[in-house]
Amino acid sequence: MKATYNSTQVRCSWWLPGLLLLILLSLSACQPVQAPAASGIPEFTIVVSDAAVSAPAVAPGGIVRVTVKNDSSIPMDIGLARVLEGSTPEEVIALAQGGGEAIIPLLTKASFLPSFNPVEPGADRWAYIDLRTGVFVVDAAEHVEGAPGAGALHLNATFTANEIVGTVAPQADVTVEMVDFAYAMPDEIPAGPQLWEFTNNGDQWHMMFVVSLAEGAGVEDVMAFLGDPAAMPPGPPPFEFAPDAGIPPIGVGERVWLESSLAPGEYLVGCPIPDVAAIFAGEMPLMHMQHGMVKMIKVVE
Ligand SMILES: [Cu+2]
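Quantities reported herein were computed from a predicted structural model and do not represent experimental measurements.

What counts and how
Residues numbered from 1 in each chain as written. Predicted model: local features only at pLDDT ≥ 70, side-chain atom pairs only at ≥ 80, totals over all residues. Heavy atoms only, no water. Helix = DSSP H or I, 4+ residues; strand = E, 2+ residues; numbered from the N terminus. Areas by Shrake-Rupley, 256 points an atom, 1.4 Å probe, with all protein chains shown as cover. Donors = N, O, S within 2.8 Å, 3.2 Å for Na, K, Ca; no water. Buried < 20%, exposed > 50% of the residue type's maximum accessible area, 1.4 Å probe, protein only. Salt bridge = Lys/Arg side-chain N within 4 Å of Asp/Glu carboxyl O. Arc of directions from axis to C-beta. Pairing = 2+ DSSP bridges. Axes fitted to C-alpha atoms, helices over the stretch in contact; angles between N-to-C directions. Contact = heavy atoms within 4.5 Å. Core = buried A, V, L, I, M, F, W, Y, C linked by side-chain atoms within 4.5 Å. Domains from an automatic or database assignment.

Visitor: In this structure, what is going on with the overall build of the protein chain? I would like to understand it.
Guide: In terms of helices and strands, the protein chain carries 7 helices and 19 strands. Of the accessible surface of the protein chain, which amounts to about 12,500 Å², a share of 56% is contributed by carbon and sulfur atoms.

Below, the structure is given as structure tokens:
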């Protein structure tokens, strides 16, 4: 797969801005909302300092609550990934430092779990994650607006989950099933803090951004903007990101719960990730949104 990617690198270069943009989108997703831990769910904390990431060497497997705490002096982008069968944490760590262009090779070696972009100094963020069992990498780097550059300092930790300990799923308020290429989810969502359960049942990684449309703008305007921002007429973007909503990219088979809060109104949700199957086949990829992974939802009091 990597060889295919290399041979199509030039042809794929046009979608890189879109890919970089989706990382930017992931940065605005999922701001924290405080909530007490549900009972019966094991939990552990990952702490990032200026010099190191500390995580338990062995974490409880199954469904766990993971808290990521930033004890460093700068805002940090902190993400988790599952190391795929046949790959090593060292390979994943090396690729994670490669910036936007290493993302496609990285996808063949790691399955993304939630990332928190950024975690402010002194702050913490959390998610429920179905770790199942496996080997995991934590990656922390100084927060950047937009795509991460190659060569920035990354701090890493590796942990394993050998045994299913967490067998209780938190009670979700909103369930979102992500497939290639659609969201199965309610059309109407209650306003205020809600626990969203995201499951990736597709064959590709997926994400969800949540935006409110500018007056008179439609889904075509959002797709045109994401596809090629430079080709858009001057003026503000045709949409505005909803704070505290959506999910950054997660890998195939992953299941994650995040709490977020939306004000009443109408929102567009969508997945701007390029069609990786097309990339691996050496074809021009469309965004998942262009394949239909986009939807209007209504948030009601
Ligand atoms: Cu998608």
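Back to the write-up after that little detour.
Visitor: It is not clear to me how the coordination of the copper ion should be interpreted in this structure. Could you clarify?
Guide: Reference values for coordination geometry: four tetrahedral donors around a metal ideally subtend 109.5 degrees, six octahedral donors ideally subtend 90 or 180 degrees. Bound to the copper ion on the protein side are His206 (ND1), Cys271 (SG) and His288 (ND1), at distances that span 1.9 to 2.1 Å. Summarised as a motif, the one-chain spacing of the donors to the copper ion is H-x64-C-x16-H. Separated by 82 residues along the polypeptide, His206 in strand E14 (residues 206-213) and His288 in the loop between helix H7 (276-280) and strand E19 (294-300) bring together distant segments of the chain. A relative accessible area of 0% means that His206 is categorised as buried.

Visitor: Is there a simple way to think about the pattern of salt bridges in this case?
Guide: Should the charged atoms of two oppositely charged side chains come close, the side chains can pair. Scanning all chains against the criterion turns up 7 salt bridges. Residue Lys109 is joined to Glu91 by a salt bridge in which the shortest nitrogen-to-oxygen separation is 3.6 Å. One end of the pair, Lys109, is in the loop between helix H5 (103-107) and strand E5 (110-119); the other, Glu91, is in helix H4 (residues 89-96), with 18 residues separating them in the sequence. A relative accessible area of 29% places Glu91 in the partly exposed class.

Visitor: Which parts of the structure should I look at to understand helix H6 (residues 219-227)?
Guide: Residues of H6 that are buried: Val222, Met223, Phe225 and Leu226. For H6, the angular spread of buried residues about the axis comes to 160°, placing them on one side.

Visitor: Which parts of the structure should I look at to understand the pairing of strand E7 (residues 134-142)?
Guide: Within a regular beta strand, the side chains point alternately toward one face of the sheet and then the other, so they alternate between its two faces. Sheet topology places strand E4 (residues 76-83) next to E7; 7 bridges connect them, and they run antiparallel. Residue Met76 lies in a different strand from E7, and its bridge partner there is Glu142. For E7 and strand E8 (residues 154-161), the ladder comprises 8 bridges, and the chain directions are antiparallel. Bridging across to E8, Asp139 finds its partner in Asn156.

Visitor: Would you explain the sheet that holds E5 in this entry?
Guide: Sheets are built from strands paired through backbone hydrogen bonds, the pairs being either parallel or antiparallel. The antiparallel open sheet is built from 4 strands, whose spatial order is E5-E4-E7-E8. Because the sheet does not close on itself, it has two edges, and the strands there are E5 and E8. Pairs of neighbouring strands in the sheet enclose a mean axial angle of 15°, with direction left out of account. Of the strands in this sheet, E4, E5, E7 and E8 are in contact with H4, which crosses E7 at around 25°.

Visitor: Please explain the nonpolar core as it appears in this structure.
Guide: Across soluble globular proteins, you tend to see nonpolar side chains buried next to one another. In this structure, Trp196 and Met208 are the most contacted members of the largest nonpolar core, which totals 77 residues. Structurally, this core is a two-domain feature, drawing no fewer than three residues from each of domain 1 (39-166) and domain 2 (174-300). Look past the residues within four positions of Trp196 in its chain and what remains in contact with it is Val174, Val176, Met185, Ile189, Met208, Val256, Trp257, Leu258, Ser260, Leu262 and Ile297. Ranked by size, the runner-up nonpolar core spans 7 residues in total, among them Trp126, Tyr128, Leu195 and Trp257.

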